[in-house]
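Report on the structure
So you can see what is in the structure, the chains are spelled out below.
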Amino acid sequence: MLLPALLAFVALVDAAPQTTPVKGPGDNSLVRFGCSQVVIERLDPLVNPGANPSPHLHQVVGGNAFNASIPSTDVSELASCTTCSFSEDFSNYWTANLYFKARNGTYKRVPQIPNRFLEGSQGGVTVYYLSPGKSTVTAFKPGFRMLVGDSMRREKKDSGLKSQSCFRCFTGPDFEGDNYSPCADPKLDTETFPSTPCLGGIRSNIHFPTCWDGETLDSPNHQDHVTYPVGGPSSFATTGDCPSTHPVKIPQLMLEIVWDTTAFNDPEDWPEDGSQPFVLSTGDSTGYGQHGDYVFGWKDDALQRLMDGACFGDVCEGVKKQEFTEANKCSVANTVDEVTEGWLDKLPGDGSGA
C-alpha cells in the first residue's frame, strides 16, 4: 500500500471521535488486507458441521481447507493455498450473501467488488486485525473459532448493536461518503439496510468480540468463550479492559464487504410501497441478522508477529505476502448442486435463517 493510501486510511480512522484509539504506524498494529472469494456455497462447518447443504448461502474467503466440516486442529496444515494477500493466513472467514429482490419477486445475487486500495482482489472480504501494542493481545490458537451475530435476529436488541454490525450507504462512486471510521457515521451508517438507493453501493462491517476465556477454543454456540470488554462492545480501532470471566485480550477482528448495488438503484424495480429491496441469503430483509464466522488458520506465530510488530495496512516485516494474481488461483470446488447466480424464483435453500 502506497504512503498516500496509508495516510488516507489513518484519516478515516481518526475522522470520528473515539476512546483509546488504536492507530498505526507506531507501537500499535492496524492490519488491513484483502481476501478474494474462495467459494460461494451453502455450507457452514461452524453452525451446521457435516451438513451438505446447510440452510443458507455463504460467501467464503481464505484457505482451501474449507468444507462441510473443518477439523478442530491446525488448519494451516490442512490447506495448501489461500485467497488472502498474507500467504500465511489459511483461516476461513464467511458471511451471508446479499440478494436484490425485484418488484416481480425474483432474486439476483449482488456482486462484491474490490475494496479501497485492494485492486486485483476478486470479490471477497477485507480483513482487519488490530492491537494496541506489543504484547497487549494474545493471538488465536490452532483450533480456535467463533461466530458473531445472530442469523435469526430481525429486530433491534436493547439500545442497538450498530457499533458491531452496520451498513454504510456510499453517496457516489469511488467510495464517496467514506469520511468516518466503520460504523461511526451518524448519517450513512445504519444497523439495518439503507432505506434509500446508495449511489456508490453498500458496505458491510462486522466486528468480533475482543476478550477470550483463555482456555476454550470453541463453545457450543461458538460465542460463549468470547465476549466484549467491561464497558461493552468496542467501536472500530478501540480497546477496553476485559472482564474476569474472559481475561485474555485477543486481536480485534473486523470483516468488511463492499456490495455493488449500483445496478439495482432504479426505483421502478423496487417494491411498490417504497421499502428497500435487499435481503440477506438468510431471508433477512432488515439487516439485523448480519453475522460473521471465523475459523483461525494462521501459520505458526505469524498473527502474533503481526500484532506485536507495529504493522500497518498490508505491510509487516517478516510476514509473507502474495500478489492477488497468485491468491486468485486458490479455490474450493462447489459440492452443492444448485443455481445461485442469475435471476432466481427463490433464494437458495429458501432463505432459511437457521
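Residues numbered from 1 in each chain as written. Predicted model: local features only at pLDDT ≥ 70, side-chain atom pairs only at ≥ 80, totals over all residues. Heavy atoms only, no water.

1. As for the sheet that holds strand β18 (residues 312–313)
So the rule is basically this: Any two strands with at least two DSSP bridges between them are considered paired. Runs of E in the DSSP output that reach at least two residues are strands. Runs of H or I that reach at least four are helices, and both are numbered from the N terminus.
The strand order β10-β9-β11-β15-β7-β1-β18 describes an open sheet built from 7 strands, whose pairing is mixed. Of all strands in the sheet, those with a lone pairing partner are β10 (189–190) and β18, marking the two edges. Of the strand pairs in this sheet, strand β7 (residues 125–131) and strand β15 (residues 252–259) are connected by 5 bridges, and their pairing is antiparallel. Its bridge partner lying in β15, T126 is registered against E256.

2. Concerning the sheet that holds strand β14 (residues 248–249)
The strand order across the open sheet formed by 3 strands is β13-β12-β14, and the pairing between neighbours is antiparallel. Unpaired on one side and paired on the other, β13 (226–227) and β14 mark the two borders of the sheet. Across 2 bridges, strand β12 (residues 211–212) lies against β14 in antiparallel orientation. Residue pairing in the sheet places C211 in a bridge with K249 of β14.

3. Structural notes on the confidence of the model for the chain
Filter applied, for reference: On a scale of 0 to 100, pLDDT captures the predictor's confidence in every residue. Here, residues are in contact when the closest pair of their heavy atoms is within 4.5 Å.
Within the chain, residue pLDDT values average 91, and 93% of them lie at 70 or more. Of the regions scoring below 50 in pLDDT, residues 1–25 engages in 58 contacts with residues more than four places distant in sequence or in other chains.

4. Some details on unusual backbone geometry
Note the threshold: Throughout, exposure labels follow a simple rule: accessible area from a 1.4 Å probe, protein chains only, divided by the maximum for the residue type, with under 20% read as buried, over 50% as exposed, and the rest as partly exposed.
Following N52, the chain continues to P53 via a peptide bond in cis, the omega torsion being 10°. Counting through the fold element by element, P53 comes out in the loop between β2 (37–41) and β3 (58–62). Backbone geometry places D350, a non-glycine residue, at a positive phi of 65°. When its relative accessible area of 56% is taken as the criterion, D350 is described as exposed.

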